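Understanding the architecture of this molecule
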Amino acid sequence: MPEASAIEVISTVRRLVLPDLPSVRSCPAPRPELLRLATALVVDEHPSAPAWSAADRETVAEWVAVLIEHRGEDGVQALLRALDRA
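Scope of this entry: the structure provided in the associated data block. (Residues numbered from 1 in each chain as written. Predicted model: local features only at pLDDT ≥ 70, side-chain atom pairs only at ≥ 80, totals over all residues. Heavy atoms only, no water.)

**Concerning the pattern of salt bridges**
Two side chains that carry opposite charge are able to pair once their charged atoms sit near each other. As enumerated under the stated definition, the model contains 2 salt bridges in all. Across the pair Glu33 and Arg31 runs a salt bridge whose closest N-O atoms are separated by 2.7 Å. Of the residues examined, Glu33 reaches a relative accessible area of 38% and is grouped as partly exposed. Look at Arg31 and you get partly exposed, because its relative accessible area is 40%. Note that Arg57 and Asp44 form a salt bridge whose closest N and O atoms lie 3.2 Å from each other. Residue Arg57 is located in helix α3 (residues 54-85), and its partner Asp44 is located in the loop between α2 (32-43) and α3; the two are separated by 13 residues in the primary sequence. (Salt bridge = Lys/Arg side-chain N within 4 Å of Asp/Glu carboxyl O. Buried < 20%, exposed > 50% of the residue type's maximum accessible area, 1.4 Å probe, protein only. Helix = DSSP H or I, 4+ residues; strand = E, 2+ residues; numbered from the N terminus.)

Right, here's the structure in full:
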């Protein structure tokens, strides 16, 4: 996973999620189990996460959890590919 600011990760996740949720302006409340999974798989493993604020880490986890809910593992893989290209 390439280094990236929390804003870059959040923006990338939102671009991947919002086509599935066109009327959403803020992050929908993710299911708790998906929030834990997103935190473990993406936030805790991201090389830039130690530099992110607690609020940024939480926001990334929330959006990634929504991505997982709507696109599953394919969504996480799409996120990694998009961050690699950035």
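**Considering the nonpolar core**
Val9, Val13, Val17, Trp52, Val60, Val64 and Leu79 are the most contacted members of the largest nonpolar core, which totals 27 residues. Elements that contribute at least two residues to this core include exactly α1 (6-17), α2 and α3. The element best represented in this core is α3, accounting for 12 residues. (Core = buried A, V, L, I, M, F, W, Y, C linked by side-chain atoms within 4.5 Å.)

**A short note on the packing of α1 against α3**
Contact pair α1 / α3: the axes reach a minimum separation of 8 Å and the direction vectors enclose 55°. By the angle between their directions, the pair α1 and α3 is classed as oblique. Here the hand of the crossing between α1 and α3 comes out left-handed. Considering only residue class, the contact of α1 with α3 consists of 15 nonpolar, 3 polar and 4 charged. (Axes fitted to C-alpha atoms, helices over the stretch in contact; angles between N-to-C directions. Parallel < 35°, antiparallel > 145°, perpendicular 65-115°, else oblique. Left-handed = near helix turned anticlockwise from the far one by under 90°. Nonpolar A, V, L, I, M, F, W, Y, C, P; charged D, E, K, R; others polar.)

**Remarks on the side chain of Ser48**
The topology assignment puts Ser48 in the loop between α2 and α3. At a separation of 2.9 Å, a polar atom in the side chain of Ser48 contacts the main-chain amide nitrogen of Ala4. Excluding residues that lie within four positions of it along the chain, Ser48 makes contacts with Glu3 and Ala4. (Polar contact = N/O pair within 3.5 Å; in protein donor to acceptor, adjacent residues only side chain to side chain. Contact = heavy atoms within 4.5 Å.)

As far as function goes, none of this settles anything; it's purely spatial.
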